[in-house]
Every structure is written in structure tokens, then in C-alpha cells.
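These are the residues of each chain, in order.
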Amino acid sequence: MGLLLRKFLENNVLLAGIFMFHCFCNSEKAPYYTFVQEASSSPRVVWYDYIIIGGGTSGCPLAATLSRNASVLVLERGGSPYGNPNITNIGDFVASLSDISPDSPSQLFISEDGVYNTRARVLGGGSALNAGFFTHAGPGYVKKAGWREIYVKEAYRWVESKVAFEPELLQWQSAVKDGLIEAGILPYNGFTYEHIYGTKIGGSIFDKNGHRHTAADLLEYAYPSNISVYLHATVTKILFTPRGRPWSRPRAFGVIYEDAMGIKHKALLKKEHKNEIILSAGALGSPQLLMLSGIGPAPHLQSLGIPIVRDHPMVGQGMSDNPMNLLVVPSPLPVEVSLIQVVGITRFGSFIETASGLTYAISWAKRFVRDYEQSMNQTGQHNMLTPAAMARAVETVNSLVNATLKGGVILEKVIGPLSTGDLKLRTRNVKDNPAVRFNYFKEPEDLARCVKGMKTIIDVINSKAFSKFRYKYLPVQALIALMANLPVNLRPRHLTTAISLEQFCIDTVMTIWHYHGGCQVGKVVDNQYRVIGVDGLRVIDGSTFLNSPGTNPQATVMMLGRYMGKKILRERFYKRRKYVQRTN
């Protein structure tokens, strides 16, 4: 091949890269994607350059990026987020999470700790279910992860142009903001995506009309002729080449997936060395599928009769969840419907956030009053309310019985907990939730941070700025007792739950859906997110995180999809150019 032809090929590789990142004239607008179809319409066997398992918060931006210069298949076990008002409208946030029907976007699971949790089962992943807060990882997190700051910033901007908005603060959120400042969570940093100490307003994936924008919207960046997205496509197994010589490494070459009718299909990689399968199934789905495919702790897999592809003891280890505790605050005034907009980022490792305008059933109100009195008496300690104050609290709560309680919640969550657990398979059925334990507050430092966070919440509730949203005769101690008697989890209550903040944190712990781990960098995947010990397989999602980034991980999970998509394509271009040079 002559010099002119070689230069022509090299220049066209470069031009293709430039075109890939700057020309979107052939993109399609959500929700009218022609490339999104039901898996039941797919051929029995298909071939692609990249197969992405999971069309979630990381999978969608990753797929859109890779499609600019490669063929991409996305296999999503759930349906579409579009047309579902529970997903789209901010006021239906609770209804979306409460939907536990077999095909709902939200799949309930209960951790071994006795805490209710949910995993997404919908295109767009957790961004179709969560409270919408959008904020970056801190500079220290980016540096520790080994990411290039310039590319991280570009990737965040790419995501934000489609899904992030500056929220309009109304009365409740403004009162909590001012209460945080009054409580000493300083400085006030105004609106910013950056993760910095103090009180700030963050971004939201809900627009000014209260409509949610999910990671699925990032598929607008995709090149339609290069991408296929199959819905209700449940991957049951990753396929690997058999090991030949003892020192050879297994290579992923395809997957088996089922459509909604249970019919099996195969997706295979095209014959190109750089083609890959990428797991983006989330902190539960990715380690679960690795194990079901034969990559995980050998004794555990053997106990379930799963053939071992690679003994990988760290798969499923390092599972962690940011524990959340909150107080429900009934309001004498009407409040706006709002999800997370304001955050107090403390220096002791707890974040304070709030939501309002959600409807709470209170058939438990009279029981709360009775149990509150009994628990106080049984401890042998003086009631923390005077008899007169208690009587007024009873009167106030009883006045709300058989009514709709409007108010809000103020919560604290412990960031980067030291307490970790693990994930194991229950069965060989991919549709069954695995068993996961987070070991909330196993480490004393996590508990100490929770107590400090709860004390900050109490300061906010007692602040002058928040006073108009307080019932005069309902002191904070009554709110604590109220919370201690709500069935927020399956953990036992103790006589001291309502009077000891340490016991309160342990007994009423909840999740804010920021669980991570199971396929951590340096343990299961390398710093390029390639699964250690096998070829042709990466994991790119929150299961790789050692800690949850920022005050909410979703922006960073989306950013990671874009960041790694560009990195993978740069490597692909570089190696293709080297190949052209070698063959000449």
C-alpha cells in the first residue's frame, strides 16, 4: 500500500474522530427513538461491536458516545420511562417508588439489614426514579479516581446540556436553606454544581415545569444507524471462550438474553479484537451477573452449581450504602412540592437535605402518642416533655388523624461510610434479587456522624428561619418519637429509640439509594474498568465506586459513561491507526 493511501487512511481515522464528537445532525429526539424496540422483535442472533448490559444511568451516555463510531447494542431489562406519569411528574415521586408490580420501573428489595430498598428496572436507570439532585464529585474524589480533570469537566457539561437545570427555590426549601445557615453550615455558596463545604443550591433533573429528564434523554446524542436498544431484554449469562492452555485468559464474546415472552436470543461480538461487552447493570446487577456467568468467589459459585470461569473472591465485596435518617415535619402552612434542591455539606461527613409537599398517611398517629408515653415511662426516665406540653402535642397530632398530612422531611445521610458488607446470590435465576448486606453503622465513626447530622437537623427545625413551618405545640422530641414508631424498615425498636440519638440512628436507618460497590476498582476491575483476569469485558457503573461521589452520585455516574465512552473510542482509533501503520 502506497504512502498516499496510508496517509489517506490515517487522516480519515482522525476526521472520523472529530466528526464523532461534533456532528449530531442525524440524532433523534426523546422519546421518539426509532432505534428503541422491544426485545421480542429482535433476531435470534445479532452481532455488534459493543454490547452494553443495562440501559441505565451510565449505560445510556456510554452507548450514545460509542455509537458515534461503532455499532452498539443496549440490552435493558425494563421498559421505557416515557409516557409514565409516575416517572415524569415530580408530584408522583412517591407513587413511582411505591409501585411494586411485576413490571414496575422500581424493583423492591430488602437488604439483610432489614432496610427497604429499590433497584431500577427501566431505561434511564435510577435517574428515572430518584429525587433528581444533580451535583458533581469533589476535586479530591476525581483525583483519587485517576480521572483527567479536563475530560471530566467536558463530560459533565455534555450531560448537563440535556438533563440538568437550576431549580426555583420556594418557601420550604428557602426556609431550610436559611435554617442551615443559622445552624452554622457555612459559607452560603448559592447555586452551584460543585461539591464544596457549606450550604448550597444544587442542580436538578426536574425542569421548571416539574418534568423529569433522565439518562435516557442522553440517547439524543446517539447516531441512530449505529445503535439498537432492546427493552425487556434480560441478560441471563455472559459467554466466554473456553480456556485452552492453563495460562490462557477467558474472553467474553457474547451474551444470552430473554425477551418478555421468555424466548432466548444471542448477541455476539463482531470479529474485532477491540470489541467488548460492558456491564452497566448497577451495584446489584453487575456483580450478580458476573457471578451467574462464572466470575466470582469459587466456593460460593460451586455451592450453586455454577461452572467457574474465573475464581474472583472480591466480586460482591465492598458493598456500601450511605445510611439516611430523617424527621417528618408536619406543617401548619401549605408547602410546595419539592424534592432535593438545597444541601448542607458539613465538615464532619454528613449531608443535610430536604423535600416537601409529599403526602403521608397517618393512621399511626394515635398509636404514636400511646407508644411514645409508654416508652418514656418504661425507661424510668423523666418524660422529655412536660405534662402540659405533652397534652398539647397529643391534641395537635390527633387533630391530624384521618386527614392528609402535608409537610416535609429533613434528612441527613452519612457520606462514604466505613461500614461495608457483601452481596451473594440466592438462586441461579437472574430475576431474583441477590442477598446484600450493608452493615449500617457497624463502624462507630459512621454512627457518630449520624448523631451529629441529627443534631444539625434539630438545630434547623428549631431555627428562627424555619419557625413558620412548625406547629407551636409539637416539639422536636415529639417528632423524634413519631419517627421512631413509623414502619420505615424491618429493624427492631428499643425502649431508648426515641430518647437516644445513637439508638435512633440504628433503629430508623433508611436508604437514599446510593448503594455502591461489588465490582470495585483495584479489586474486581482495573483503573480502565476492565475485569481483572478476563478479556473483552468491562464494568462501568456505580458498582466500581469505592465511595459515593458528591452529595448524589447520579451526575457522576452519567459523567463516567461519557468519560469512558470517549476514552474507549480514543483507544480504538489509536490502535486502529497503529494497525494500519504495521500493515504497511
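Residues numbered from 1 in each chain as written. Predicted model: local features only at pLDDT ≥ 70, side-chain atom pairs only at ≥ 80, totals over all residues. Heavy atoms only, no water.

Our next topic: the state of the cysteines. In this structure the tally under the stated criterion is 1 disulfide. Put simply, cysteine 450 and cysteine 505 are joined by a disulfide, and their sulfur atoms are 2.1 Å apart. Because the torsion about its S-S bond is -95°, the bridge between cysteine 450 and cysteine 505 counts as left-handed. Here cysteine 450, found in helix H12 (residues 444-461), pairs with cysteine 505, found in helix H14 (residues 501-507); they are 55 residues apart in sequence, far enough to count as distant. A relative accessible area of 0% means that cysteine 505 is categorised as buried. (Disulfide = S-S within 2.5 Å. Helix = DSSP H or I, 4+ residues; strand = E, 2+ residues; numbered from the N terminus. Buried < 20%, exposed > 50% of the residue type's maximum accessible area, 1.4 Å probe, protein only.)

This part covers the sheet that holds strand S4 (residues 72-75). Ordered by their spatial adjacency, 6 strands build an open sheet running S1-S11-S4-S3-S15-S26, and the pairing between neighbours is parallel. Pairing within the sheet leaves two strands with one partner each, and these edge strands are strand S1 (36-38) and strand S26 (537-539). Ignoring which end each strand starts from, the neighbouring axes of this sheet average 20° apart. Inspection of the sheet shows strand S3 (residues 50-53) paired to S4 by 4 bridges, in the parallel sense. (Pairing = 2+ DSSP bridges. Axes fitted to C-alpha atoms, helices over the stretch in contact; angles between N-to-C directions.)

This brings us to the pairing of strand S6 (residues 116-120). Here strand S5 (residues 106-110) pairs with S6 via 5 bridges, running antiparallel. Directly across from glutamine 107, in S6, lies its bridge partner arginine 119. Between S5 and S6, which pair antiparallel in sequence order, lie 5 residues; one of them, glycine 114, sits at a positive phi of approximately 85°.

Let us now look at empty space enclosed by the protein. Tallied over the entire structure, the rule returns 2 cavities of 30 Å³ or more. A volume near 30 Å³ is recorded for the second largest cavity. What lines the second largest cavity is simply Tyr151, Glu154, Ala155, Tyr563, Lys566 and Arg570. Among the secondary structure elements, those contributing two or more residues to the lining of the second largest cavity are helix H6 (149-163) and helix H15 (554-582). Within the lining of the second largest cavity, the residues separate by chemical class into 3 nonpolar, no polar and 3 charged. (1 Å grid on protein atoms, 1.4 Å probe; cavity = no way out; pocket = protein on both sides within 12 Å on 5 of 7 lines; lining within 4 Å. Points joined across faces, edges and corners; volume = space filled by probe spheres on them. Nonpolar A, V, L, I, M, F, W, Y, C, P; charged D, E, K, R; others polar.)

Residues alanine 30 and proline 31 are joined by a peptide bond in cis, for which omega reads 0°. By the element assignment, proline 31 lies in the loop between helix H1 (3-22) and S1. Residue proline 187 is bonded to the preceding leucine 186 through a cis peptide linkage, with omega at 0°. Positionally, proline 187 belongs in the loop between helix H7 (171-182) and strand S8 (188-191). Non-glycine residue asparagine 439 carries a positive phi angle of around 55°. Inspection of the secondary structure puts asparagine 439 in the loop between strand S24 (435-437) and H12. At tryptophan 513, a residue that is not glycine, the phi angle is positive and equals roughly 65°. Considering the arrangement of structural elements, one finds tryptophan 513 in the loop between strand S25 (510-511) and S26.

A few words now on the nonpolar core. Among the nonpolar cores identified, the biggest contains 155 residues, and Trp147, Ile238, Val255, Tyr257 and Leu537 are the most heavily contacted of them. Sorting elements by how many residues they give to this core places H15 first, with 9 residues. (Core = buried A, V, L, I, M, F, W, Y, C linked by side-chain atoms within 4.5 Å.)

A separate point is the layout of surface pockets. If you add up the space inside the second largest pocket, you get close to 660 Å³. In terms of lining, the second largest pocket is formed by 28 residues, of which the most central are Gly140, Tyr141, Lys144, Asn547 and Ser548. Tallying contributions element by element places helix H5 (residues 139-145) first for the lining of the second largest pocket, with 4 residues. A breakdown of the residues in the lining of the second largest pocket according to their chemical character gives 14 nonpolar, 11 polar and 3 charged.

What follows covers the packing of aromatic side chains. Applying the stated rule across the entire model yields 16 aromatic pairs. Seen in terms of ring centroids, phenylalanine 93 and tryptophan 513 are 6.1 Å apart; in terms of plane orientation they differ by 80°. Their pairing is edge-to-face. Placement of phenylalanine 93 in helix H4 (residues 93-98) and of tryptophan 513 in the loop between S25 and S26 is noted, with a sequence separation of 420 residues between them. You can call phenylalanine 93 buried: its relative accessible area is 7%. Of the residues examined, tryptophan 513 reaches a relative accessible area of 30% and is grouped as partly exposed. (Phe/Tyr/Trp six-rings, centres within 6.5 Å; stacked < 30°, edge-to-face > 60°.)

A side chain of one charge can pair with a side chain of the opposite charge when the charged atoms of the two come close. In this structure the tally under the stated criterion is 15 salt bridges. Glutamate 112 is the partner of arginine 426 in a salt bridge, and the nearest nitrogen-oxygen pair spans 2.7 Å. Taken as a pair, arginine 426 in the loop between strand S23 (421-424) and S24 and glutamate 112 in the loop between S5 and S6 lie far apart in primary sequence, 314 residues in all. Using a relative accessible area of 35% as the deciding quantity, one classes glutamate 112 as partly exposed. One salt bridge in this structure joins arginine 538 and glutamate 571, with 3.2 Å as the shortest N-O distance. Of this pair, arginine 538 sits in strand S26 while glutamate 571 sits in helix H15, placing them 33 residues apart in sequence. Note on accessibility: arginine 538 and glutamate 571 belong to one class, buried. Three or more residues are tied together by salt bridges with common partners; here these are Lys29, Lys162 and Glu220. (Salt bridge = Lys/Arg side-chain N within 4 Å of Asp/Glu carboxyl O.)

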